[in-house]
Amino acid sequence: MKVYNTLSGTKEEFLPDGSQVNMYVCGVTPYADCHIGHAMSYIIFDVIRRYLEFKGYRVRHVQNFTDIDDKIINRANALSISARELADRYIAQYFASMDAINIQRAHVYPYATQEIPQIIEIVQGLLKKGYAYEAGGDVYFRVTKKPDYGKLSHRHLEDMVAGARVEPGSGKEHPMDFALWKSSKPGEPSWPSPWGGGRPGWHIECSAMSLRYLGETLDIHGGGQDLIFPHHENEIAQSESFTGKPFVRFWMHNGLLQMGEEKMSKSLGNLVTVEEILRKFTPDALRLFVLGSHYRGPLTFSEAGLEAAERGVDRLRVAMEGGAPGGDSDLEATYRRRFTEVMDDDFNAAQAVGALFDLARDINRKKEQGLGTKGLQSLLKELGAVLGLTLKKLEKSVDTQSIIELVAEIRSKVSSVDQGLALEVFSPGDIVASKFPTTGAETYIDLLVTSRTRLRKAKQFALADEIRSGLAQRGITLEDTPQGTVWKFKG
RNA sequence: GGCGGCGUAGCCAAGUGGCCAAGGCGGGGGUCUGCAAAACCCCUAUUCAGCGGUUCGAAUCCGCUCGCCGCCUCCA
């Protein structure tokens, strides 16, 4: 399979050492709710991992939490809680959001604050080799000592220095030198070190964690494109200077989520949280929205786009319903091959999704023809799962009370039309059931559906249609099939 | 100033030298249905921002022009 490598700027043949793939994905700084940009990135790397596993690789996935930095300290101070408390709160929130959108958990989630000894060891090693220097309790990386500094982001030191926004740090030898260790100010969280009390710089934790949990050379290191510079560039500088080995075989970066004309970012304050999205759309719809475009390209957030994705995923859900035993091994093999071919080409999930829609059409076609569909349906389920789609039926909550009101309304209308019909439509047992509002809404919906069927048999179509439209207003759709009427929640 | 990306049907979007330019949403027609819904069938880009060039052949390669965006500062 081919995978695009940011380092080379081309697609390369993906050949890990053995059957194991070591994958490190940059995690979050837990100081705020997860937004859909995070969702996009982690959905993408979730699919990459799921596909590698589908291909038979054993993936070891490590993802960090940067649980100490300026933003955490500032936010914690503003809320008058400890940095630890704040980080723990948002780490819990991170897991809740990601679990909700069916992201597989990494095997290890190291915390920056729990890797201090490893970090200090690396900083000491870099000092010893002359790649770093101390300046007043801070330790900086000496970028001029690394001749290929800039190789990931494809820039040169001279160009960067020429840029307007580079400000020389007080004790820095070179404006692009970056902190490995920062001395702490009074009142800030602090860890003892050979250079005095302080805390790690932003980039060093990833070098320490990946080295400890995955070894000197990673197969895949991923994150958003916004991390290419300076974060990942600096990680390379640190890690390779320390170990003398190549740090990463494949650098993978996802495109960024855009909000209309501008990007979504914390500083612009135009964030949409995962929680907000899930109030309106299903996790599958969010996934389909993300996977509909290429992972390296930008994605523009839009409610209309998510609505389209919701309708689309509903087609896949419908294809999973019903069906008869039987298979079509040729067709199954064709789809499996098509799916694999496009995913082998740098995880072209958009093409894979296209294959799933065609597969769904073939399933529905066979259903119409009365042919066996179970084989194709289990394939759709399997390939959908590789993309992290659950294809679960929509489950929404309904207002039981409003359904009961509809029952009462319909009953009075039926009896005003024909007393005898009323008795027939709502049998005594039905009416007894309706006197107990503690019963779930399903009971009443079923009651209405049954009554509607009887009304239709009696050619009372106006009343039957009132039941249908009444339920529709309450978020429930009816479908009359040869096997009878089924109801479902509206998408 | 440096680096990188984008511009494909009403909308989203795949496609990087050659079968009819994926797929989704939307729209139109039809089948089914008491009517619907869902599903299925057919239609919805002779054309890929514009202009030149390379080639037997380009949306795909090269050049220029126009428009848009990201990174270079915390960010997935």
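Residues numbered from 1 in each chain as written. Chains lettered and ligands numbered in written order. Predicted model: local features only at pLDDT ≥ 70, side-chain atom pairs only at ≥ 80, totals over all residues. Heavy atoms only, no water.

The subject of this paragraph is the side chain of D46. With respect to the helices, strands and loops of the structure, D46 is situated in helix α1 (residues 36–54). Side-chain polar atoms of D46 contact the side chain of R50, separated by 2.7 Å. In this structure the side chain of D46 is engaged in a polar contact, spanning 2.7 Å, whose partner is the side chain of R287. (Helix = DSSP H or I, 4+ residues; strand = E, 2+ residues; numbered from the N terminus. Polar contact = N/O pair within 3.5 Å; in protein donor to acceptor, adjacent residues only side chain to side chain.)

Here helix α10 (residues 303–320) is 18 residues long and its end C-alpha atoms lie 26 Å apart, about the 26 Å a rise of 1.5 Å per residue gives. Of all the positions in α10, only G305, L306, A309, E310, G312, V313, L316, R317 and A319 are classed as buried. Where α10 is buried, its residues meet α8 (274–280), α9 (283–291), β13 (299–301), α12 (349–368) and α13 (374–386). With its phi angle positive at about 60°, G322 sits one or two positions after the end of α10. (Expected span 1.5 Å × (residues − 1). Buried < 20%, exposed > 50% of the residue type's maximum accessible area, 1.4 Å probe, protein only. Contact = heavy atoms within 4.5 Å.)

Okay, the layout of surface pockets next. Taken as a whole, the second largest pocket holds about 490 Å³ of empty space. If you trace the second largest pocket, you find 15 residues lining it, with E321, G322, K367, T481 and Q483 closest to the centre. Secondary-structure elements contributing two or more residues to the lining of the second largest pocket are α12, β14 (476–481) and β15 (484–489). Considering only residue class, the lining of the second largest pocket consists of four nonpolar, five polar and six charged. Residues from two domains meet in the lining of the second largest pocket; each of domain 2 (302–386) and domain 3 (400–489) gives at least three. (1 Å grid on protein atoms, 1.4 Å probe; cavity = no way out; pocket = protein on both sides within 12 Å on 5 of 7 lines; lining within 4 Å. Points joined across faces, edges and corners; volume = space filled by probe spheres on them. Nonpolar A, V, L, I, M, F, W, Y, C, P; charged D, E, K, R; others polar. Domains from an automatic or database assignment.)

With that settled, the discussion passes to the pairing of strand β2 (residues 10–13). For strand β1 (residues 2–5) and β2, the ladder comprises four bridges, and the chain directions are antiparallel. Paired with V3 across the two strands is E12, which belongs to β2. Where β1 folds back onto β2 in an antiparallel hairpin, the turn is made up of four residues, including G9, whose phi is positive at roughly 75°. (Pairing = 2+ DSSP bridges.)

In helix packing, the relevant descriptors are the interaxial angle and the interaxial distance, both defined with respect to the helix axes. Where α9 contacts α10, the axes come no closer than 8 Å and their chain directions differ by 110°. It follows from the interaxial angle that α9 and α10 lie roughly perpendicular. Handedness of the α9/α10 crossing: right-handed. Contacts from D284, A285, L286, L288 and F289 of α9 reach α10 at G305, L306, A309, E310, G312, V313 and R317. Counted by class, the contact of α9 with α10 contains seven nonpolar, two polar and three charged residues. (Axes fitted to C-alpha atoms, helices over the stretch in contact; angles between N-to-C directions. Parallel < 35°, antiparallel > 145°, perpendicular 65-115°, else oblique. Left-handed = near helix turned anticlockwise from the far one by under 90°.)

Let us now look at the pattern of salt bridges. Considering all chains together, one arrives at 38 salt bridges under this definition. The salt bridge involving E216 is made with K245; its shortest N-O contact spans 2.7 Å. Residue E216 is located in the loop between α6 (204–214) and β9 (218–224), and its partner K245 is located in the loop between α7 (228–243) and β10 (248–254); the two are separated by 29 residues in the primary sequence. Since its relative accessible area comes to 33%, E216 is described here as partly exposed. Under the relative-accessibility criterion, K245 is labelled partly exposed at 38%. The partner of D480 in a salt bridge is R452, and the shortest N-O contact between them spans 2.8 Å. Remark: R452 occurs in helix α17 (residues 441–457) and D480 occurs in strand β14; sequence separation between them is 28 residues. For D480, a relative accessible area of 37% gives the class partly exposed. (Salt bridge = Lys/Arg side-chain N within 4 Å of Asp/Glu carboxyl O.)

With that settled, the discussion passes to the nonpolar core. Among the nonpolar cores identified, the biggest contains 75 residues, and L52, F347 and L387 are the most heavily contacted of them. Considering every element that reaches this core, the biggest residue donor is α1, with 11 residues. Inspection of this core shows a minimum of three residues originating in each of domain 1 (19–263) and domain 2 (302–386). If near-sequence neighbours (up to four positions away) are discounted, L52 is found in contact with M1, F14, V21, Y57, V59, I220 and F347. (Core = buried A, V, L, I, M, F, W, Y, C linked by side-chain atoms within 4.5 Å.)

Residue P230 is reached from F229 by a cis peptide bond, and omega for that bond is 0°. Positionally, P230 belongs in helix α7. Located in the positive-phi region is K459, a residue other than glycine, with phi close to 60°. Positionally, K459 belongs in the loop between α17 and α18 (461–473). For K459, a relative accessible area of 62% translates into the label exposed.

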